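# Structural overview for review
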Amino acid sequence: MAKSLPKAGKRQTGKRPVQTYVHRNQRVRIPDGYMAVGMITSAHGLRGEVKVELHTDFPERFAPDVVVYLGEELEKAIISAARPHQGQMLLQFHGVDDRSGADELRGLWVFIPEEEAVELEADTYFVHDIIGLSVQTVDGKLLGTVEEVRFTGANEVYVVASPDEPHLEILL
């Protein structure tokens, strides 16, 4: 690999409490040991580029010669070109040279191994590290467990499942 991504510092995560990601009300399985960093939304142009909706705060990770993995089958793909476009990224992969090849990738998630995650600042966490945590009041009363984090544009909303009422969602 000609370019490498910053390596993460030691994180005390072990196994993740959940292995799904919710996107537009659709649950997507995240393979063990990987992180979702984008989703291919469509082909772009005629030369094999794809539009990637970013699920990372570090778009610089998408660069030529970087290896990513596509779909739950973790098909290895090497980025041959990358450029920002209207809040998304346009990527081209080695071996995908036309629109029909790019169309076949539509809807696939883009993953990286967790060990290639960017090191975060103190008191900053990845979403998958928050999901599954217990939530309690300052008095110690258990409210529930973080099930999902919704990104509304203005802020993040934490969806907490109540242990007492299974159909109740607490939004924080």
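Everything in this summary refers to the structure shown in the same document. (Residues numbered from 1 in each chain as written. Predicted model: local features only at pLDDT ≥ 70, side-chain atom pairs only at ≥ 80, totals over all residues. Heavy atoms only, no water.)

### Describing the overall build of the protein
Filter applied, for reference: Only runs of H or I of at least four residues qualify as helices and only runs of E of at least two qualify as strands under DSSP, and these elements are numbered from the N terminus. Think of it in three bands: with a 1.4 Å probe and only protein chains considered, a residue is buried below 20% of the maximum accessible area for its type, exposed above 50%, and partly exposed in between.
Counting secondary structure elements, the protein contains two helices and 12 strands. Beginning at the N terminus, the succession of helices and strands in the protein can be written as β-β-β-β-β-β-β-α-β-α-β-β-β-β. Here the protein, with 172 residues, has 40% of them falling under the buried criterion.

### Considering the nonpolar core
The condition that has to hold: What is meant by a nonpolar core is a set of buried Ala, Val, Leu, Ile, Met, Phe, Trp, Tyr and Cys residues, joined one to another through side-chain atoms within 4.5 Å. Any two residues whose heavy atoms approach within 4.5 Å at even a single point are treated as in contact.
Counting residues in hydrophobic clusters, the biggest one holds 23 residues, and the most contacted among them are Ile-40, Val-50, Val-68, Leu-70, Leu-91, Phe-93 and Val-110. Of all elements in the fold, only strand E3 (34–44), strand E4 (49–54), strand E5 (67–70), strand E6 (75–85), strand E7 (88–93) and strand E8 (109–113) reach the threshold of two or more residues within this core. Top element by residues in this core is E3. It accounts for four residues. Ignoring anything within four residues of it in the chain, the contact list for Val-68 reads Glu-75, Lys-76, Ala-77, Ile-79, Phe-93, Val-110, Phe-111 and Ile-112. Among the nonpolar cores identified, the runner-up in size contains nine residues, and Val-28, Met-39, Tyr-69 and Trp-109 belong to it.

### Here we look at the environment of Ser-80
Residue position: Ser-80 is located in strand E6. Residues Ser-80 and His-94, spaced 14 residues apart in sequence, show a C-alpha to C-alpha distance of 5.5 Å. Ser-80 has contacts with Pro-64, Gln-92, Phe-93 and His-94, leaving out every residue within four places of it along the chain.

### Section: the sheet that holds strand E9 (residues 134–136)
Paired through backbone hydrogen bonds, the strands of a sheet run either parallel or antiparallel to each other. Note the following rule: Strands are treated as partners if at least two bridges between them are detected by DSSP. Note on geometry: axes are lines fitted to C-alpha atoms, helical ones only across the stretch in contact, with angles between N-to-C directions running from 0 to 180 degrees.
Read from one edge to the other, the open sheet built from four strands follows the order E9-E10-E11-E12, with strand pairing classed as antiparallel. Of all the strands in the sheet, just E9 and strand E12 (169–171) have a single pairing partner and so form its edges. Ignoring strand direction, the axes of neighbouring strands in this sheet form an average angle of 45 degrees.

### Some remarks on the pairing of E4
The pairing of E3 with E4 spans six bridges and is classified as antiparallel. Looking at E4, one finds that His-44 is bridged to Glu-49. Hairpin connection, E3 to E4: the antiparallel pair is bridged by four residues, and Gly-45 has positive phi, about 75 degrees. Relative to E7, E4 runs antiparallel, the two being bridged by three bridges. Opposite Val-50, over in E7, you have Leu-91 as the bridge partner.

### Overview of the environment of Ser-162
Counted only if it meets this: Here a polar contact is taken to be a pair of N or O atoms separated by no more than 3.5 Å, where protein atoms must pair a possible hydrogen donor with a possible acceptor and residues adjacent in sequence count only if both atoms sit in side chains.
Counting through the fold element by element, Ser-162 comes out in the loop between strand E11 (156–161) and E12. Given the relative accessible area of 10%, Ser-162 is considered buried. The spatial distance from the C-alpha of Ser-162 to the C-alpha of Gly-144 is 4.4 Å, given a sequence separation of 18 residues. Filtering out sequence-adjacent residues up to four positions away, Ser-162 remains in contact with Leu-143, Gly-144, Leu-168 and Ile-170. At 3.3 Å, the side chain of Ser-162 and the backbone nitrogen of Asp-164 are in polar contact. At 3.3 Å, the side chain of Ser-162 and the backbone nitrogen of Glu-165 are in polar contact.

### Describing the pairing of strand E10 (residues 142–151)
Note that E9 and E10 share three bridges and pair antiparallel. Note on E10: the bridge partner recorded for Ser-134 is Thr-145. Taken together, E9 and the strand that follows it, E10, pair antiparallel across an intervening segment of five residues, in which Gly-140 is found at a positive phi of about 95 degrees. Of the strand pairs in this sheet, E10 and E11 are connected by six bridges, and their pairing is antiparallel. Bridge assignment links Arg-150 to a residue of E11, and that residue is Val-157. Here E10 folds back onto E11, and the loop between the two strands holds four residues, one of which, Gly-153, carries a positive phi near 105 degrees.

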